[in-house]
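Topology and contacts: notes
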Amino acid sequence: MITDTYNRVHNYLRISLTDNCNLRCFYCMPEQDYIFTPAAQLMQKAEIVALAKLFVANGVDKIRLTGGEPLVRKDAGEIILALSELPVTLTITTNGTRLDHFLDIFLRSSIRALNISLDTLQPEKFLLMTRYDQFGKVMDNIRLMTAHGFHVKVNVVVMRGVNENEINDFIEWTRDTPVHIRFIEFMPFTGNHWESNKVFTWKEMLDVIGSKYTITRLADEQHDTAKKYTVPGHAGTFAVISTMSAPFCSGCNRMRLTADGRMKNCLFSRTETDLLTPMRKGENILPLILQNVLEKAEALGGQFTPDFLQLHAEEINNRSMITIGG
Ligand code: SAM
Ligand code: SF4
């Protein structure tokens, strides 16, 4: 088991397959021209599988694939099928644009639930936020996956002045559609122009939703990052990920591998451990993994506190979100 100094057992690994993406969400990608990592510097399929097996042998039982956009990687399907052989709950976070090309793979894989990102229900705003006219495609693919029985969570990054006025439109969508909305507080990463006044908090979201709907809190599961709710009678549910205003670090069980094979013990960790180079040299990397987790800070990468109104994003030492993998 991989345990940190706060006795948190780490059984959940997020693997970024690429830092490449076919969208340009402004809150995720740095504004200046971003050069994607050349393929040779990325973990190759066999390396991803070998690393995943090592983590599984040490207690990991849940793996999420992410990116960048994981489904732009050419061998994404092969990787999904290879990881499906492992005794883990396998999931993926995707922008949804390429799911139709992967339906067959998903049906053959062990994936039964997926997170699809969609920050607006307005096609014009989608174009402004992502720079691509793909709203219709994402909606079609959400319908495709729910029709095939997949459990679909929809990730919505809520930003004041951008899409907080659509919160109840998303709730209305859940009336007849079995999608599970996850409203995410806007987080600071290198180059994403985060400002504290753009964070629309969990409590503010509940006020907006509560002004129109009766809401009931659902029970938390162990390690839950989301506070879950239902509107009685709705086919879908909603949840809030309150990273900024009410972090959930005390139950954290997550580790991350960036697409270039570096391990991060927290989304906000200042440091990372290169696993890929020593692995390519044939070295034993388990001590590096264990040491990385032993260095994990108690909360928020040790970089800030929930008093985020005092936070200046440029003080945070980190990568951009697209290079970490959310
Ligand atoms: N391309 C895939 C996607 O968009 O779902 C996977 C990678 S993306 C980095 C993973 C998740 O991180 C997405 O749900 C995205 O909305 C979220 N995300 C990106 N930047 C964020 C930010 N600054 N604050 C909160 N969530 C963010
Ligand atoms: Fe791409 Fe996902 Fe980042 Fe948007 S949030 S730019 S889809 S990686």
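What this report covers is the structure whose coordinates are included nearby. (Residues numbered from 1 in each chain as written. Chains lettered and ligands numbered in written order. Predicted model: local features only at pLDDT ≥ 70, side-chain atom pairs only at ≥ 80, totals over all residues. Heavy atoms only, no water.)

**Digging into the site of ligand 1**
For the record, the criterion: Residues are classed as near a molecule or strand on a simple rule: at least one heavy atom within 4 Å of it. Definition of a polar contact: a pair of N or O atoms within 3.5 Å, with one able to donate and the other able to accept a hydrogen when the atoms are protein atoms, and with sequence-neighbouring residues admitted only if both atoms are side-chain atoms. Where helices and strands are cited, they refer to DSSP runs of H or I of at least four residues and of E of at least two residues respectively, numbered from the N terminus. Amino acid classes used here: Ala, Val, Leu, Ile, Met, Phe, Trp, Tyr, Cys and Pro are nonpolar; Asp, Glu, Lys and Arg are charged; the rest, including Gly, are polar.
As a matter of local geometry, ligand 1 sits amid 20 residues, with G68, E69, S117, N155 and M187 nearest to it. One of the side-chain nitrogen or oxygen atoms of S117 is found 2.5 Å away from an oxygen atom of ligand 1. N155 places a polar side-chain atom, nitrogen or oxygen, 3.0 Å from an oxygen atom of ligand 1. Breaking the shell around ligand 1 down by element, the ones donating at least two residues are β3 (89-94), β5 (151-158) and β6 (179-185). In terms of residue class, the shell around ligand 1 is built from eight nonpolar, 10 polar and two charged.

**Quick notes on the site of ligand 2**
In the vicinity of ligand 2, the contacting residues are C21, L23, C25, C28, M29, G68, N95 and I322. Residues that form the shell around ligand 2 fall into these classes: six nonpolar, two polar and no charged.

**As for the layout of surface pockets**
Operational definition: Whether a set of points on the 1 Å grid over the protein atoms alone is a cavity depends on a 1.4 Å probe fitting there but being unable to get out, while an open set qualifies as a pocket with protein on both sides within 12 Å along at least five of seven lines; lining residues are those with an atom within 4 Å of a point. Grid points are joined across faces, edges and corners, and a volume is the space filled by probe spheres set on the points.
Approximately 460 Å³ is the volume attributed to the largest pocket. As for the largest pocket, its lining consists of 24 residues, of which K62, K153, R182, E221 and D224 are closest to the centre. Partitioned by chemical class, the residues of the lining of the largest pocket number six nonpolar, eight polar and 10 charged.

**Details of the nonpolar core**
In plain terms, the rule: Working definition of a nonpolar core: buried Ala, Val, Leu, Ile, Met, Phe, Trp, Tyr and Cys residues. They are joined through side-chain atoms within 4.5 Å. Each residue gets one of three labels from its accessible area relative to the maximum for its type: buried under 20%, exposed over 50%, partly exposed in between, using a 1.4 Å probe on protein chains only. Here a residue-residue contact requires only that any non-hydrogen atoms of the pair lie within 4.5 Å.
Membership of the largest hydrophobic core comes to 103 residues, with the highest contact counts inside it found for I63, F106 and F183. With six residues, the single largest contributor to this core is helix α1 (residues 45-57). In contact with I63, not counting residues within four places along its chain, are Y12, L13, I15, A52, V56, L86, V88, T89, L90 and T91.

**Some thoughts on the pattern of salt bridges**
A pair can form between side chains of opposite charge whenever their charged atoms are brought close. Formally: Basic side-chain nitrogens of Lys or Arg form a salt bridge, by our definition, when they fall within 4 Å of a carboxyl oxygen of Asp or Glu.
Throughout the structure, instances matching the rule amount to 14 salt bridges. Residue E78 pairs with K45 through a salt bridge whose shortest N-O separation is 3.5 Å. Placement of E78 in helix α2 (residues 76-83) and of K45 in helix α1 is noted, with a sequence separation of 33 residues between them. Judged by relative accessible area, which is 46%, E78 ranks as partly exposed.

So, to be careful, I would describe these as geometric facts and stop short of saying anything about function.
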